[in-house]
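Residue-level structural notes
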Amino acid sequence: MNNIFLLVPVFLPIILGITSFLIPFKNQKAHNLFIAISIIISSISVWYSAIQAPDSTLVILTFTDTLDFALKFDGAGKIFACLSATLWPLTALYAFDYMKHEKHLKMFYCFFTMSFGATMGIAMAANMLTMYLFYELLTLFTIPLVMHGMEHIHKKAARKYMAFSIGGAAFAFTGIVYLIVNNANSFVFGGHIVNPEDPTVAVILFIFTFMGLGVKAAVFPLHSWLPSASVAPTPVTALLHAVAVVKAGAFALIRLVYYSFGTEFLKGTVAQDITMAICIFTILYGSVNALKQPHFKRRLAYSTISNLSYITFAVTLMSRAGLIAAFCHLLFHSVIKIGAFFCAGSVLHNSKEEYISRLEGLGKKMPLTFGFFAIFALGLTGIPPLCGFFSKWYISLASAEEASALAIIGVIVLLISAFLTAIYMLSPAIKAFFPAKDSTNDCKAKEANWRMLVPIGICAVLCVLMGIFAQAPVNLIEGVLGI
């Protein structure tokens, strides 16, 4: 395959998204068909590129001898891109039913489709500058999705998301400039810092960059935008929490640690200790706050904060095992969490109930939705043979290999978090299927239709199969990464 084809997965969704907004469709059905075809074609182009991509770099623009805007599809990028390309069409199908009574749908699907392209740009970036540009483009494309409802609460959430994202980008930019100016070799992914002139400055700027990119990964204390953004429509929150934004943040941190600054320089420094401690605290903080949340989607939002830090904690172990564990949880958590959000959105859409206390007895009216949610709850808790168990197991093994004080504390926190996860994830399903004797819930709920249930069911099946055959995706990750 000619490497010029690398442009297609990135720019085709952006072009099609803009086109969908400009074409005067006769009705919403025709518009949805265009969006569906656009997403499917874009997804196919991603998978084709991942399979056929040459091991070469496509330079789009050259700024200086060492600075360019370029694409390259390496192993890490393939994992992230193919995950997104698999879950995006499912989200689109779900959105066709969930959003059918909403306004401004042309604008919604325009940015929904363009966000796909920006996410592919992050996955396929050949260097820090290219990734940074697409990282910011993703922020701009997703802000309108967060504020879609156009009420005060939506605009407030969008402003908060924008402020945190742009502020984080400013922090991250300092480290990127440092890499460009002082360590040109580490600017391109795969190069590492070698003997920096001032190690202290390099460590400080790494921490700045880690926290800046960590905004999208909801690292404490830069996390509060994520629960606020749960006011967005469920197809948006599903993407924010499972694929596009937060996983882009986790992926960017993987790039920063393993493919840019390099573990040879970072491991054993105060930079590793500080970032690992922050991630460990975020795991516990997110779990505790999820337990306290009475609102269904906000509970899942705080759960995302906790589970994202499972990934970033594995990243800060700065080992081969840590990298594999990080990608395992990035993959498995995406499938579980997007399914859980689909279920929460189905409940909201078909029963109008938002609070967990109001779910009493809804299991009889929505048995498939809550049955699938129970699978996701067990998977996120880490109950074998579901896939969530194995990614947490690999993170624990990677931590045990390090045998440092912080790594051992991390394992203990993982166990505590698993216990809290069991409580806050299983309680909605228990309330739905086993209501209290004196409970009275007369809401007129009904089961979701096939456009919602098919994506939920596919995610549930994947959760089970990737657990039963867990070694297959682990082997695939190892093979694709070449480690």
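Shown above is the structure to which this text applies.
A brief look at the structure comes next. (Residues numbered from 1 in each chain as written. Predicted model: local features only at pLDDT ≥ 70, side-chain atom pairs only at ≥ 80, totals over all residues. Heavy atoms only, no water.)

**Concerning the overall build of the protein**
The cut-off we apply is this: Strands here are runs of E lasting at least two residues and helices are runs of H or I lasting at least four, both read from the DSSP assignment and numbered beginning at the N terminus. Residues scored as positive are Lys and Arg, those scored as negative are Asp and Glu, and His as well as the terminal groups of each chain are ignored. Charged side chains are reduced to one point each, which is NZ for Lys, CZ for Arg, CG for Asp and CD for Glu.
Helix and strand counts for the protein come out as 21 helices and 2 strands. Along the first, second and third principal axes, the C-alpha atoms of the protein reach 70 × 55 × 45 Å. Averaging the positions of the 31 positive and the 21 negative side-chain charges in the protein gives two centres separated by 14 Å.

**Regarding a nonpolar patch on the surface**
Put simply, the rule reads: Two distance rules govern patches: like charges are joined within 9 Å, and nonpolar side chains (Val, Leu, Ile, Met, Phe, Trp, Tyr) within 5 Å, applied only to residues with over 30% relative accessible area and no salt bridge. Here, Shrake-Rupley sampling with a 1.4 Å probe gives the accessible areas, and only protein chains in the shown set may cover a residue. Any carboxyl oxygen of Asp or Glu within 4 Å of a side-chain nitrogen of Lys or Arg constitutes a salt bridge here.
Together, V461, L465, I468 and F469 give the surface a local cluster of nonpolar side chains, amounting to about 380 Å² of exposed area. Mapped onto the secondary structure, V461 falls in helix α20 (residues 450–468).

**Here we look at the state of the cysteines**
Formally: Pairs of cysteine sulfur atoms within 2.5 Å are what we label disulfides.
All chains considered together, the criterion is met by 0 disulfides. Left unpaired, C82 is separated from the closest cysteine sulfur, that of C328, by 16 Å.

**What about the environment of C279?**
Our working rule: Buried residues are those whose accessible area, probed at 1.4 Å on protein chains only, stays under 20% of the maximum for their type, while exposed residues exceed 50% and partly exposed ones sit between those limits. By definition, residues are in contact when any of their heavy atoms lie within 4.5 Å.
Locating C279 in the fold gives a position in helix α13 (residues 270–292). On the accessibility criterion, C279 (0% relative accessible area) is buried. When the C-alpha positions of C279 and L6 are compared, they lie 34 Å apart, and in sequence the two are 273 residues distant. When residues no more than four places from it in sequence are discounted, the contact partners of C279 are F210, S309, T312, F313 and T316.

**Concerning the side chain of S84**
Note that S84 resides in helix α3 (residues 75–98). Setting aside residues no more than four positions away along its own chain, S84 makes contact with P89, T119, M120 and V243.

**So, the pattern of salt bridges**
What the rule picks out here adds up to 7 salt bridges. The salt bridge partner of K100 is D97, with a shortest N-O separation of 3.1 Å. Using a relative accessible area of 42% as the deciding quantity, one classes K100 as partly exposed. When its relative accessible area of 2% is taken as the criterion, D97 is described as buried. The partner of K267 in a salt bridge is E402, with the nearest N and O atoms 2.9 Å apart. Taken together, the residues span a long stretch of sequence, with K267 in the loop between α12 (263–266) and α13 and E402 in helix α18 (residues 387–402) at a distance of 135 residues. For K267, a relative accessible area of 36% gives the class partly exposed. Each of D97, K100 and R451 takes part in a single network of salt bridges with overlapping partners.

**Things to note about the pairing of strand β1 (residues 58–62)**
What counts, and what does not: Pairing between strands is defined by DSSP: at least two bridges between the two strands are required.
Relative to strand β2 (residues 68–71), β1 is paired through 4 bridges, and the arrangement is antiparallel. Across the sheet, T62 pairs through a bridge with D68, a residue of β2. Counting the residues that bridge the hairpin from β1 to β2 gives 5 residues.

**Notes on the packing of aromatic side chains**
Rule in force here: Classification of ring pairs rests on two measures: the distance between centres of Phe, Tyr or Trp rings, Trp counted by its six-membered ring, which must be within 6.5 Å, and the angle between planes, read as stacked under 30 degrees, edge-to-face over 60 and tilted in between. Placement of a positive charge over a ring is assigned whenever Lys NZ or Arg CZ falls within 6 Å of the ring centre and within 35 degrees of the normal to the ring plane.
What the rule picks out here adds up to 26 aromatic pairs. Pairing F171 with F208 gives two aromatic rings, centres 5.3 Å apart and planes at 80°, and the pair type is edge-to-face. Of this pair, F171 sits in helix α6 (residues 152–182) while F208 is found in helix α8 (residues 199–213), placing the two residues 37 residues apart along the sequence. Here the aromatic rings of F389 and F390 are separated by 5.0 Å at their centres, their planes lie at 80°, and the arrangement is edge-to-face. Linked through ring pairs, W88, F96, F108, Y109, F112 and F116 together constitute an aromatic cluster. Its end group placed over the ring of Y135, K216 keeps NZ or CZ at 4.4 Å from the ring centre. Note that R255 overlies the ring of Y259, its terminal NZ or CZ placed 5.0 Å from the centroid.

**Concerning the side chain of T113**
The following threshold applies: Under this definition, polar contacts are N or O atom pairs within 3.5 Å; protein pairs additionally need one hydrogen-donor-capable and one acceptor-capable atom, and for neighbouring residues in sequence, both atoms have to be side-chain atoms.
Position of T113 relative to the elements: it lies in helix α4 (residues 105–124). Within the structure, the side chain of T113 is placed 2.8 Å from the backbone oxygen of Y109, a separation counted as a polar contact. Excluding anything up to four places from it in sequence, T113 contacts P13, G17, I35 and I39.

**Digging into the packing of helix α15 (residues 320–351) against helix α21 (residues 471–481)**
Let me state the cut-off plainly: Here, axes are lines fitted to C-alpha atoms. For helices the fit covers the stretch in contact, and angles between N-to-C directions go from 0 to 180 degrees. The cut-offs work like this: below 35 degrees is roughly parallel, past 145 is roughly antiparallel, 65 to 115 is roughly perpendicular, and the gaps in between are oblique. In a left-handed crossing the near helix is turned counterclockwise from the far helix by less than a right angle, and in a right-handed crossing that turn is clockwise. Gly falls in the polar group here, along with every residue not listed as nonpolar (Ala, Val, Leu, Ile, Met, Phe, Trp, Tyr, Cys, Pro) or charged (Asp, Glu, Lys, Arg).
Here α15 crosses α21 at 120°, and the two axes come no closer than 10 Å. Relative to α21, the element α15 lies oblique. In this structure, α15 meets α21 at a crossing whose hand is right-handed. Of α21, the residues touching α15 (which contributes R320, L323, I324, F327, C328, L331 and F332) are P473, V474, I477, E478 and L481. In the contact of α15 with α21, the residues fall into 10 nonpolar, no polar and 2 charged.

**Let's talk about the packing of α18 against helix α19 (residues 405–433)**
Packing of α18 against α19 leaves a shortest axis separation of 8 Å and a crossing angle of 155°. Taken as axis vectors, α18 and α19 run roughly antiparallel relative to one another. Between α18 and α19 the crossing geometry is left-handed. Only A407, V411 and L414 of α19 make contact with α18, whose side of the interface consists of I395, S396, S399 and E402. When its residues are assigned to classes, the contact of α18 with α19 shows 4 nonpolar, 2 polar and 1 charged.

**What to know about the environment of I37**
Secondary-structure assignment places I37 in helix α2 (residues 28–52). Here I37 falls in the partly exposed class, since its relative accessible area comes to 41%. Along the chain, I37 and L16 lie 21 residues apart, while their C-alpha atoms are 9.8 Å from each other.

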